[in-house]
Amino acid sequence: MKVLVLGGAGYIGSHVVKAMLAAGHDVTVFDNLGSGQLGNLFPEAKFIAGDIRHADDVNAAFARGFDGCVHLAAYKAVGESMAEPEKYSVNNISGTLNMLNAACAHGCKNVVFSSSAAVFGSPQYVPIDERHPTDPESYYGFTKLEIERFLAWYDRLKGVRYAALRYFNAAGYDVDGRIDGLERNPQNLLPIVMEVASGWRKELQIFGQDYDTRDGTCVRDYVHVADLAQAHVNALAYIAKNDRSLTVNLGSEKGVTVTEMVEVARKITGKEIPAAYVGRRSGDASALYATSALARETIGWAPKYSDVETLVASTWKVYQKYKAPGEKK
Ligand code: UFG
């Protein structure tokens, strides 16, 4: 298939491009290189420099004719979305509407959308399945849920078939080492742990040690980006073949605490990784993990690389190539 990957130079997008190429697709990346990086591009894929906020850019891209697209061009920092919602309105919501309208105008009827577990808000029960009520606690999560609703309407009204993939905690790096661009200003646990291990940060702050979990720190469901990437390939094949849309959770189903993640990182890196327990971070749920039974049944998805050791080791391999953020050895 001819596939357009919007946000294909980003952290998750580049892994999606790799998986799409491996599946034999003819891939074009559309990216404004805001957080994506030229170094993440694969020479086997074509590249269009463009911005989803500009309808003309998106229209010109879709005019090249695609059978399917994957949309990952979005801001994703939960905290920032609460401080600067305008950015998220314009980029995530208006940008997606530009994308959907352009896709429809140019006959691209298969859309794989990068959604998030953030659509659920505080869990009422775990593991979280797709029927769990949606009540986002962040503006970021709200944008993802709104887009899922737009997709459902475009399915009804325009015949768009979509797969909304609700990622849990994406982590890890390409196990073949081909993708090694570090995210600028990372906000998530594992990259921060790696920055401490690399000596770029003095210590890790662990947010809360009085949660009702096995060691008092928060439980999350970390899923390897290569596994997420494969899900996009499977989901695109599913919606195209069955002419049916799909919303699925993508998690490893294994809850891991912050302390457990840090312990594994100490073992694998051989570094001390100083950590201090500080107060809870507002908005953090105690335990968040998925059941991915539906993804297993529908798109035949089974994570292969989402054990904590592979998550940490694949990430550490990339960090070891850098002497400072943005500066390779
Ligand atoms: N944590 C720390 N110290 C840090 C950073 C994180 O203790 O410096 C803890 C957090 O409190 C949390 C866990 O590590 O318990 C994971 O935190 P992240 O910030 O990496 O991830 P979140 O679980 O908060 O959020 C992630 C994604 C969101 C997504 C959400 C869905 O970043 O995009 O999962 O569950 F919406």
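Just so it is clear, the structure is predicted and the values come from calculations on it, not from any experiment. (Residues numbered from 1 in each chain as written. Predicted model: local features only at pLDDT ≥ 70, side-chain atom pairs only at ≥ 80, totals over all residues. Heavy atoms only, no water.)

I keep staring at the packing of helix α6 (residues 189–197) against helix α8 (residues 258–269) and nothing clicks. Help me out?
What describes two packed helices is the angle between their axes and the distance between those same axes. Close contact between α6 and α8 brings their axes to 11 Å; oriented N to C, the two are set at 40°. Taken together, the axis directions place α6 and α8 in an arrangement best described as oblique. Note on packing geometry: the crossing formed by α6 with α8 is right-handed. Across the interface between the two elements, Leu189, Leu190, Val193, Met194 and Ala197 from α6 touch Val258, Met261, Val262, Ala265 and Thr269 from α8. By residue class, the composition of the contact of α6 with α8 is 9 nonpolar, 1 polar and no charged. (Axes fitted to C-alpha atoms, helices over the stretch in contact; angles between N-to-C directions. Helix = DSSP H or I, 4+ residues; strand = E, 2+ residues; numbered from the N terminus. Parallel < 35°, antiparallel > 145°, perpendicular 65-115°, else oblique. Left-handed = near helix turned anticlockwise from the far one by under 90°. Contact = heavy atoms within 4.5 Å. Nonpolar A, V, L, I, M, F, W, Y, C, P; charged D, E, K, R; others polar.)

Hey, could you run me through the sheet that holds strand β9 (residues 219–224) in this one?
Strands pair in a sheet through their backbones, by hydrogen bonds, and they do so in one of two ways: parallel or antiparallel. Across the sheet, 3 strands lie side by side as β7-β9-β11; this open sheet has mixed pairing. At either end of the open sheet lies a strand with only one pairing partner, and these are β7 (169–171) and β11 (255–257). Direction aside, neighbouring strands of the sheet carry axes that sit 55° apart on average. In the sheet, β9 pairs with β11 via 3 bridges, with the strands oriented antiparallel. Within β11, the position partnered with Val219 by the bridge is Thr257. Contacts from helix α10 (residues 308–319) reach β7, β9 and β11 within the one sheet, and its direction differs from that of β9 by about 60°. (Pairing = 2+ DSSP bridges.)

Whenever I open this one, the pattern of salt bridges confuses me. Can you help?
Two side chains of opposite charge can pair, provided their charged atoms sit close to one another. Counting across every chain of the model gives 22 salt bridges. One salt bridge connects Glu44 with Arg178, and the closest N-O pair in it is separated by 3.4 Å. One end of the pair, Glu44, is in the loop between β2 (26–31) and β3 (46–49); the other, Arg178, is in the loop between β7 and α6, and 134 residues separate them in sequence. Since its relative accessible area comes to 43%, Arg178 is described here as partly exposed. Residue Lys87 is joined to Glu80 by a salt bridge in which the shortest nitrogen-to-oxygen separation is 2.9 Å. The exposure class of Glu80 is partly exposed, given its relative accessible area of 25%. Beyond isolated ion pairs, a larger network of salt bridges with shared partners links Lys18, Asp174 and Asp176. (Salt bridge = Lys/Arg side-chain N within 4 Å of Asp/Glu carboxyl O. Buried < 20%, exposed > 50% of the residue type's maximum accessible area, 1.4 Å probe, protein only.)

Before we go on, may I ask you to explain helix α7 (residues 225–242) in this structure?
For an α-helix, 3.6 residues make a turn, and residues three or four places apart therefore share a direction. When the terminal C-alpha atoms of α7 are compared, their 25 Å separation across 18 residues agrees well with the 26 Å that a helix rising 1.5 Å per residue should span. Among the residues trailing α7, Asp243 stands out with phi positive, at a value near 55°. (Expected span 1.5 Å × (residues − 1).)

Looking at this structure, how should I read the environment of Trp153?
Take Trp153: it is sitting in helix α5 (residues 139–158). Since its relative accessible area comes to 45%, Trp153 is described here as partly exposed. Spatially, the C-alpha atom of Trp153 lies 51 Å from that of Gly270, the residues being 117 residues apart in sequence.

Before we go on, may I ask you to explain the sheet that holds strand β5 (residues 110–116) in this structure?
Strands sit in the order β3-β2-β1-β4-β5-β6-β10 across an open sheet of 7 strands; the sheet is parallel. Strand pairing shows two members of the sheet lacking a second neighbour, β3 and β10 (246–250), which therefore form its edges. On average, adjacent strands in this sheet sit at an angle of 20° to one another, irrespective of strand direction. With 4 bridges connecting them, strand β4 (residues 68–71) and β5 associate as parallel partners. Each bridged residue has a counterpart across the sheet, and for Gly68 the counterpart in β5 is Asn110. Against the sheet, α7 makes contact with β1 (2–6), β4, β5, β6 (161–167) and β10, and its axis sits at roughly 155° relative to β6, the strand it touches most.

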